Amino acid sequence: MKRTSRLGRAMLMALAAGSLLAACGQEENPQDQQQAAPERQPHPVEVVAIERQDIAMEKSYPSLLRSDDEVTLVARISGILEERHFEPGERVEQGERLYSIEPDVYQAAVNQNEANLQSAQAELSRAQRDAERFERLLSQNSVSQQQVDQARAELGVARAAVAQAEAALASARIDLAYAEVTAPVSGVIGLSQINVGNLVSPGSVLATITPLDPLEVRFQLPQRDALELRQQLNGRGGESIRATLNVPGSAGAAAQRLEGQLDFLGSRVDDRTSTVQASATFRNPDTRVLPGQFARVSLDGLKRFDVLAVPEIAVTQGLMGPQVFVLDEDEVARARTVELGEVAGPWQIIRGGLESGERVVVGDPAGIEPGTPIDPQPFEGDAETLVEEVEQAEAEAEQEAAESMQEQEAAEAMPDEEAAEGGEDDA
């Protein structure tokens, strides 16, 4: 039941009560004074002694879907784009080959550098043998120290040449690997930005891969919700927080709903928006939901701990603001102004005005005013069922009132029709 309809009904009740009090202040008919007012019968309604409890919240937050693992493929080498190994829009797996950029040219460069390395290694072996031989001859005084130093220098140059050839070969092999562009992540690949046969250079954008399963969704939590959730995640609730992604349908299509799990809650509050960033991951096996769509993320399992709450239907609007009816020791309803907190499904959290143990009317307050005797009925604790029953009763009453009004209008229209028929007969 909508809060506006209940508050409107309560305002009418309050105005009626005010008119009654004003009328009581006027001079009464002596005959009425002699007649004793009939005793009012107790009004049967659900009553409960409220206690502090943990209330499950139903929170949802807006989000613009995005894929944080989206990858833009760029060329790392120069060359002609020779082949494309995929069709745009299809799913590709991590490591799958996507493009070929002149691999033969870069394979030839690898072969050349392998030959250069072999040559440098052979020169190193010769220089090492010469250096060892000159060392032996020096011990026999057969060569000069200058000749030995020269041999040692040539050995050092040969070693440097080998290292240089190894580095060149490693670079050539890296370029060869870049000649075959592979998928760094799994996902759906978009249109190719460069056609086969064109020249590409380092930095040329080739295509974009968008992972769609799982789908990571980022959203913002209000500061209070984030603090309560962090307290719950730190052990007070001891429960995991489930997440539901609700994506509205477009052009008559059905809305999409995905189940997931909250997997990140930020550790700082944004000073511009007073919000905390969070993210949840959702399985999207049929890729029904795409990045760029607007959606709402609902968190199931979020709670408010140790709070007083009453069914939302129990709150009415009094002259002093929101109020509930509290029973005194004589089973009589007394209005109590309260301070409202959050709404948690069919429950209204009360931040002030009530104490634990007080008996509160939690059923439909229609027909109840301050001073009404109450026949307390047990409350089973199912606020949702209680609200549904009251909504159904109100809908039936509205339908009966509408039917009665239609019948009355029809009855009022009948004399006019008869008079018109009589006039025609006289003519």
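Data block above holds the structure.
### A word on the packing of aromatic side chains
And then number 1: If you walk through the whole model with that rule in mind, you get three aromatic pairs.
And then number 2: For the pair Phe86 and Tyr99, a centre-to-centre distance of 5.3 Å together with 85° between the ring planes defines the contact as edge-to-face. Placement of the pair is Phe86 in the loop between strand 4 (79–84) and strand 5 (91–92) and Tyr99 in strand 6 (residues 97–101), with a sequence separation of 13 residues. Each member of the pair, Phe86 as well as Tyr99, is classed as buried.
And then number 3: Where Trp347 meets Phe379, the ring centres are 6.4 Å apart and the plane angle is 70°; that geometry is what we call edge-to-face.

### Remarks on the pattern of salt bridges
Pairs can form between side chains of opposite charge once their charged atoms are near each other.
And then number 1: Summed over the entire model, instances satisfying the criterion amount to 20 salt bridges.
And then number 2: Among the salt bridges present, the one from Asp213 reaches Arg283, with a minimum N-O distance of 3.3 Å. With Asp213 in the loop between strand 10 (205–210) and strand 11 (215–222) and Arg283 in the loop between strand 14 (275–282) and strand 15 (294–311), this pair connects stretches of sequence that are 70 residues apart.
And then number 3: Sharing partners across several salt bridges, the network here consists of Lys59, Arg224, Asp225, Arg304 and Glu342.

### Section: the pairing of strand 13 (residues 256–265)
And then number 1: Alignment of strand 12 (residues 242–247) against strand 13, held across six bridges, turns out to be antiparallel. Residue Asn246 lies in a different strand from strand 13, and its bridge partner there is Arg257.
And then number 2: The sheet contact formed by strand 13 and strand 14 spans five bridges and is antiparallel. Bridging from a neighbouring strand, Leu265 pairs with Ala278 of strand 14.

### Examining the nonpolar core
And then number 1: Counting residues in hydrophobic clusters, the biggest one holds 49 residues, and the most contacted among them are Phe219, Leu221, Leu245, Leu299 and Leu354.
And then number 2: Examining the composition of this core, we find that eight residues originate from one element, strand 15, more than from any other.
And then number 3: The contact partners of Leu354, leaving out residues within four places of it in the chain, are Ile50, Leu308, Val324, Val326, Arg336, Val338 and Val360.
And then number 4: Core analysis: the next-biggest nonpolar cluster, separate from the first, contains 19 residues, Ala75, Tyr99, Ile189 and Ile209 among them.

Cut-offs used in this document
- Counting starts from 1 at the beginning of each chain's written sequence and moves along it residue by residue.
- Two thresholds apply to this predicted model, a pLDDT of at least 70 for residue-level local features and 80 or more for giving and counting side-chain atom pairs, whereas whole-chain, interface and lining totals are computed over all residues.
- With hydrogens and water excluded, all non-hydrogen atoms of the structure serve as input to the side-chain values.
- For Phe, Tyr and Trp, rings pair up if their centres lie within 6.5 Å, where Trp contributes its six-membered ring, and each pair is then called stacked (planes under 30 degrees apart), edge-to-face (over 60) or tilted (otherwise).
- Strands are runs of DSSP state E lasting at least 2 residues, helices are runs of H or I lasting at least 4, and numbering of each runs from the N terminus.
- Think of it in three bands: residues with accessible area under 20% of the maximum for their type are buried, residues over 50% are exposed, and the middle band is partly exposed, with areas taken using a 1.4 Å probe on protein chains only.
- Just to be clear on terms, a salt bridge is a Lys or Arg side-chain nitrogen sitting within 4 Å of an Asp or Glu carboxyl oxygen.
- What makes two strands pair is DSSP finding at least two bridges between them.
- Definition of nonpolar core: a set of buried residues of the types Ala, Val, Leu, Ile, Met, Phe, Trp, Tyr and Cys, connected through side-chain atoms within 4.5 Å.
- We call two residues contacting when some pair of their heavy atoms lies within 4.5 Å.

Geometric descriptors of this kind do not, in isolation, establish any biological role.
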